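Next come the chains, spelled out residue by residue.
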Amino acid sequence: MLLGGKVALVTGAAQGIGQACAVRLAKEGARIVLCDVNDKAGLNVAKGIEAKGGKALYVRCDVSKADDVESALAAALKTFRRIDVLVNNAGVVDDAPFLDLSVEELDRVLGINLRGAFLMAQAVARQMVRQGRSKGSASAGAIVNMSSINERFGLPDHVAYSMSKGGISQLTKSMAVALAAQGIRVNAVGPGTIETPLLKSVVKDKAFRTKVLSRTPLGRYGKPEEIAAIVAWLASDEASYVTGTTVFADGGRLPLNYVVPVPDKDRKSV
């Protein structure tokens, strides 16, 4: 097991990529603290982990609020006494053209996606510094931020989301440099189009699916479990010399400078 004896805190853990990360890290031996605002779903994920022999704690936490972050960390430490891994996954998306994007919506998205990531990372990193390196560990802790292919690409109708992920890229690099001397590694994962509830909220019709597949050389959506596998590796000591980088899992979209043909069978299905 990659994470035997570790404690991992995962934000946005009630569904999608966050849920997959929580389940995978538990499978790798970590005790899991799940943070979300969807209490019913979050508790169900925690129960599912425990039903398979793992240890899990669900804590309600709005990551955009400093008090919630501190309360979540306190609850985690009360139960498990330490934090070794943070997966900064909580996020939302906007769906308005640039000229129609309101300041309120901009603040909401940046508040959760970027401010929330900063608040949680800072609080957890401070705890990791207090803990120091555990016996036999290659580092004092590992932080994995959830970025997106949109840290590189702009979208005209998801401006706030794209801005937030660009910020996550810089936050990851800055944190990695700032925390290296303390033995804390910081990386990010940049997913492409992944089959999650968040994706369903923006997939409007068959034409949209065709457009997505036309920019994805592998010709399919990714799965949350595929992202979770990368997160688990980055969080483990097997990635002990990796920090300050973003691993893109995008089906080949990043190097593509044109579109690929989409088979008729994909055009007929959603």
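### A look at the pairing of strand E6 (residues 184–191)
Of all 8 residues that make up E6, 8 are buried, and the element is covered over most of its length. Taking every second residue as pointing to the same face, both faces of E6 are buried, with Ile-184, Val-186, Ala-188 and Gly-190 on one and Arg-185, Asn-187, Val-189 and Pro-191 on the other. Judged from the 6 bridges that link them, strand E5 (residues 141–146) and E6 form a sheet pairing that is parallel. Within E6, the residue paired with Asn-145 across the bridge is Ala-188. With helix H5 (residues 159–179) bridging E5 and its parallel neighbour E6, the resulting β-α-β unit is right-handed. Pairing of E6 with strand E7 (residues 246–249), which is carried by 4 bridges, proceeds in the parallel orientation. Considered in E7, the bridge of Val-189 is made with Val-247.

### Section: the nonpolar core
Leu-9, Val-33, Ile-83, Met-120, Ile-143 and Ile-184 are the most contacted members of the largest nonpolar core, which totals 38 residues. Looking at this core, the elements with two or more residues in it are strand E1 (7–11), strand E2 (31–36), helix H3 (66–80), helix H4 (103–131), H5 and E6. If one sorts the elements of this core by residue count, H4 sits on top with 10 residues. Ignoring any residue separated from it by four or fewer positions in sequence, one finds Ile-184 in contact with Ala-125, Met-128, Val-129, Ala-140, Gly-141, Ile-143, Leu-179 and Thr-243.

### Description of the sheet that holds E2
Pairing within the open sheet is parallel, and its 7 strands lie in the order E3-E2-E1-E4-E5-E6-E7. On the outer flanks of this sheet lie strand E3 (56–60) and E7, each paired with one strand and no other. Across this sheet, the average inter-strand angle for adjacent strands is 15°, counted without regard to direction.

### Some remarks on the environment of Ala-8
Tracing the backbone through its elements, the reader meets Ala-8 in strand E1. Classification of Ala-8 by relative accessible area gives buried; the value is 0%. Distance from Ala-8 to Asp-68, taken between C-alpha atoms, is 18 Å for residues 60 residues apart in sequence. In this structure Ala-8 touches Leu-25, Ala-30, Arg-31, Ile-32, Val-33 and Val-85, once residues within four positions along its chain are discounted.

### Thoughts on the pattern of salt bridges
Inspection of the entire model under this criterion finds 7 salt bridges. Where Arg-60 meets Asp-39, a salt bridge forms, and the shortest distance between an N and an O atom there is 3.2 Å. Remark: Asp-39 occurs in helix H2 (residues 39–51) and Arg-60 occurs in strand E3; sequence separation between them is 21 residues. Since its relative accessible area comes to 49%, Arg-60 is described here as partly exposed. Among the ionic pairs, Glu-105 bridges to Arg-108, the shortest N-O distance being 2.9 Å. Linking Glu-105 with Arg-108, this pair stays in helix H4, spanning 3 residues, or about one helical turn.

### Here we look at H4
For H4, spanning 29 residues, the distance from its first C-alpha to its last is 40 Å, which sits close to the expected 42 Å at 1.5 Å a residue. The largest bend along H4 measures about 45° and falls at Gly-111. Note on H4: the residue one or two positions beyond its end, Gly-132, has a positive phi of about 70°.

### Some details on the packing of H4 against H5
A packed helix pair is summarised by two numbers, namely the angle formed by the two axes and the spacing between the axes. At a closest axis distance of 9 Å, the pairing of H4 and H5 adopts a crossing angle of 15°. On the basis of their axis angle, the class for H4 and H5 is roughly parallel. Classified by chirality, the crossing of H5 by H4 is right-handed. Across the interface between the two elements, Leu-106, Val-109, Leu-110, Asn-113, Leu-114, Ala-117, Phe-118, Ala-121 and Ala-125 from H4 touch Ala-160, Tyr-161, Met-163, Ser-164, Lys-165, Gly-167, Ile-168, Leu-171, Met-175 and Leu-179 from H5. A per-class count over the contact of H4 with H5 returns 15 nonpolar, 3 polar and 1 charged.

### Here we look at the packing of helix H1 (residues 16–27) against helix H8 (residues 224–235)
Between H1 and H8, the least distance of the axes is 8 Å, while the angle of their chain directions is 50°. In this view, H1 runs oblique relative to H8, as classed from their interaxial angle. For the pair H1 and H8, the sense of crossing is right-handed. Of the residues in H8, those in contact with Gly-16, Ile-17, Ala-20, Cys-21, Arg-24 and Leu-25 of H1 are Pro-224, Glu-225, Ile-227, Ala-228, Ala-229, Val-231 and Ala-232. For the contact of H1 with H8, the residue count by class is 10 nonpolar, 1 polar and 2 charged.

About the thresholds
Residues numbered from 1 in each chain as written. Predicted model: local features only at pLDDT ≥ 70, side-chain atom pairs only at ≥ 80, totals over all residues. Heavy atoms only, no water. Buried < 20%, exposed > 50% of the residue type's maximum accessible area, 1.4 Å probe, protein only. Helix = DSSP H or I, 4+ residues; strand = E, 2+ residues; numbered from the N terminus. Pairing = 2+ DSSP bridges. Right-handed = clockwise from strand over helix to strand, strands pointing away. Core = buried A, V, L, I, M, F, W, Y, C linked by side-chain atoms within 4.5 Å. Contact = heavy atoms within 4.5 Å. Axes fitted to C-alpha atoms, helices over the stretch in contact; angles between N-to-C directions. Salt bridge = Lys/Arg side-chain N within 4 Å of Asp/Glu carboxyl O. Expected span 1.5 Å × (residues − 1). Bend = angle between axes of the 7 residues up to and from the residue. Parallel < 35°, antiparallel > 145°, perpendicular 65-115°, else oblique. Left-handed = near helix turned anticlockwise from the far one by under 90°. Nonpolar A, V, L, I, M, F, W, Y, C, P; charged D, E, K, R; others polar.

Remember that the coordinates give geometry; whether it matters functionally is a separate question.
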